[in-house]
Amino acid sequence: MEEISSRMPLGEFLRSRRERLTLEEAGLVSYGRRRTPGLRREEVAQLAHIGTSWYTSLEQGRSINPSEDVLNNIAEALRLTEDERHHLHLLARPVQQQSVVDQQLNTGLERMIKALEPNPAFVIGRCWDLLLWNQAAELVFGFPSISEQESPNWMRLLLTTGKRRMNPEDWESKAEVIVARFRADYAHFPNDLRFKELIGEFMQSSPLFREKWPLHDVQVVTDCHKQWNAPGIGELEFEHMTLQPQGHPDLKLMIYTATAETAARLQSQMNTSEH
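One structure accompanies this document, and this report is about it. Fair warning: this is a prediction, and the values are worked out from it, not measured in the lab.

Let's shift gears to the overall build of the chain. Within the chain, the secondary structure is distributed over 14 helices and 5 strands. By the burial criterion, 45% of the 275 residues in the chain qualify as buried. Residue pairs in contact within the chain that sit at least 24 positions apart in sequence constitute 56% of those at least 6 positions apart. When the accessible surface of the chain is summed, it comes to about 14600 Å², and 49% of that surface belongs to carbon and sulfur atoms.

Turning our attention to the environment of Leu157. Summarising the element assignment, Leu157 is placed in helix H10 (residues 154–165). Measuring from C-alpha to C-alpha, the distance between Leu157 and Gly142 comes to 8.3 Å, with 15 residues separating the pair along the chain. Those residues in contact with Leu157 that sit more than four places away from it in its chain are Leu130, Phe143, Pro152 and Gly162.

Moving on, we come to empty space enclosed by the protein. Where empty space is left becomes clear once a probe the size of a water molecule has been rolled over the atoms. Summed over all chains, the structure comprises 3 cavities of 30 Å³ or more. Roughly 50 Å³ of internal volume is contained in the second largest cavity. Together, Pro9, His87, Leu91, Arg183, Tyr186, Ala187 and His216 line the second largest cavity. Elements that contribute at least two residues to the lining of the second largest cavity include exactly helix H7 (82–92) and helix H11 (171–186).

Under the counting rule described, the total for this entry stands at 16 salt bridges. Linking Arg18 and Glu59 is a salt bridge whose minimum nitrogen-to-oxygen distance equals 2.7 Å. One end of the pair, Arg18, is in helix H2 (residues 8–20); the other, Glu59, is in helix H5 (residues 52–59), with 41 residues separating them in the sequence. Overall, the relative accessible area of 9% leaves Arg18 in the buried class. Ionic pairing is found between Lys212 and Glu211, a salt bridge with its closest N-O pair at 3.4 Å.

Two quantities define a packed helix pair, namely the angle between the helix axes and the distance between the axes. The contact between H11 and helix H12 (residues 193–205) brings their axes to 11 Å, and the two run at 150 degrees. What the angle tells us is that H11 and H12 run roughly antiparallel. Crossing handedness for the pair H11 and H12: left-handed. Residue-level contacts link Phe182, Asp185 and Tyr186 of H11 to Phe195, Lys196, Ile199 and Phe202 of H12. Taken together, the residues of the contact of H11 with H12 sort by class into 5 nonpolar, no polar and 2 charged.

Quick look at the nonpolar core now. Residues Phe122, Phe143, Trp154 and Phe182 are the most contacted members of the largest nonpolar core, which totals 38 residues. Per-element tally for this core: the top contributor is H11, with 6 residues. Once residues lying within four places of it in the same chain are set aside, the contact partners of Phe182 are Cys127, Trp128, Met155, Phe195, Ile199, Phe202, Phe209 and Trp213. Counting residues in each nonpolar core, the second largest holds 26 residues, with Leu28, Leu58, Ala75 and Ala92 among its members.

The next thing to look at is the sheet that holds strand S1 (residues 121–124). The strands making up a sheet associate through backbone hydrogen bonding, with each pair oriented either parallel or antiparallel. Pairing is antiparallel in the open sheet, where 5 strands are placed in the order S2-S1-S5-S4-S3. Either end of the sheet is taken by a strand with one partner, and the two such strands are strand S2 (130–133) and strand S3 (224–230). Direction aside, the axes of adjacent strands within the sheet are offset by 25 degrees on average. Relative to S2, S1 runs antiparallel, the two sharing 3 bridges. Residue pairing in the sheet places Ile124 in a bridge with Leu130 of S2.

Attention now goes to the pairing of strand S4 (residues 234–243). For S3 and S4, the ladder comprises 7 bridges, and the chain directions are antiparallel. Directly across from Trp228, in S4, lies its bridge partner Leu236. Between S3 and S4, which pair antiparallel in sequence order, lie 3 residues; one of them, Gly232, sits at a positive phi of approximately 85 degrees. One ladder, built from 6 bridges, connects S4 with strand S5 (residues 252–258); its direction is antiparallel. Paired with Phe238 across the bridge in S5 is Ala258.

This paragraph deals with the packing of helix H6 (residues 68–77) against H7. For the pair H6 and H7, interaxial distance at closest approach is 10 Å and the crossing angle is 135 degrees. Between H6 and H7, the interaxial angle falls into the category oblique. Viewed along their axes, H6 and H7 form a crossing whose handedness is right-handed. Contacts from Glu68, Leu71, Asn72, Ile74, Ala75 and Glu76 in H6 reach Arg85, Leu88, His89 and Ala92 in H7. For the contact of H6 with H7, the per-class residue count stands at 5 nonpolar, 2 polar and 3 charged.

Reading the values: rules and limits
- Residues numbered from 1 in each chain as written.
- Predicted model: local features only at pLDDT ≥ 70, side-chain atom pairs only at ≥ 80, totals over all residues.
- Heavy atoms only, no water.
- Helix = DSSP H or I, 4+ residues; strand = E, 2+ residues; numbered from the N terminus.
- Buried < 20%, exposed > 50% of the residue type's maximum accessible area, 1.4 Å probe, protein only.
- Contact = heavy atoms within 4.5 Å.
- Areas by Shrake-Rupley, 256 points an atom, 1.4 Å probe, with all protein chains shown as cover.
- 1 Å grid on protein atoms, 1.4 Å probe; cavity = no way out; pocket = protein on both sides within 12 Å on 5 of 7 lines; lining within 4 Å.
- Points joined across faces, edges and corners; volume = space filled by probe spheres on them.
- Salt bridge = Lys/Arg side-chain N within 4 Å of Asp/Glu carboxyl O.
- Axes fitted to C-alpha atoms, helices over the stretch in contact; angles between N-to-C directions.
- Parallel < 35°, antiparallel > 145°, perpendicular 65-115°, else oblique.
- Left-handed = near helix turned anticlockwise from the far one by under 90°.
- Nonpolar A, V, L, I, M, F, W, Y, C, P; charged D, E, K, R; others polar.
- Core = buried A, V, L, I, M, F, W, Y, C linked by side-chain atoms within 4.5 Å.
- Pairing = 2+ DSSP bridges.

In structure tokens:
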């Protein structure tokens, strides 16, 4: 049973994508109403040019190793996005126990984060634990003071305080993206106990996470434009980028480059807080 259970994330993901796809979207003809949503397994197998029993074994989490061509055919049949296609390939790989990579930060990275002020910048580890951040990030995202030597979890902060710090009217759509990015990162480390503990915690503590996590949506972090009205600060506008420090594959450097107006507003706020 262990061999099957270790492949269940793949089966759950395939089933979630199959059930959301309509016959029309898949290019198939509908013959009346159906009792269950989405495509049937045999229809996906037909579209992917594979056997129904073989595809069924994939959804059941059995230990079979599909080729890249087969996975691409399934991705095409299910109309997966590029992020979802990449996620499918990650889940289908034979799961190997991931070793814990040293997450120690060097002095140069610490100095760079501080030098980026008043642009918010921070470093997160593989499970989104905050490892390093500057004063601008404290101000914008509500991080604790770096001098307190705590290492809070970014996902936990987003779930507990994000709605208060960003536009409440579009918080749910932002939360969907955040959970989708968290799931995309989790696929890289399926055996990480810290990741599993956090997922269990959020399923218990956050109704929003409990609703969104079973959807199996995935999205990779990309550079993008960010704009919102922050309580007590005002309108904020950034270009967001994500970098990976050399030699640290588990770390992500998140930089929010502010417009001139936003930078001036943040610098003023930071000067005020220092007095």
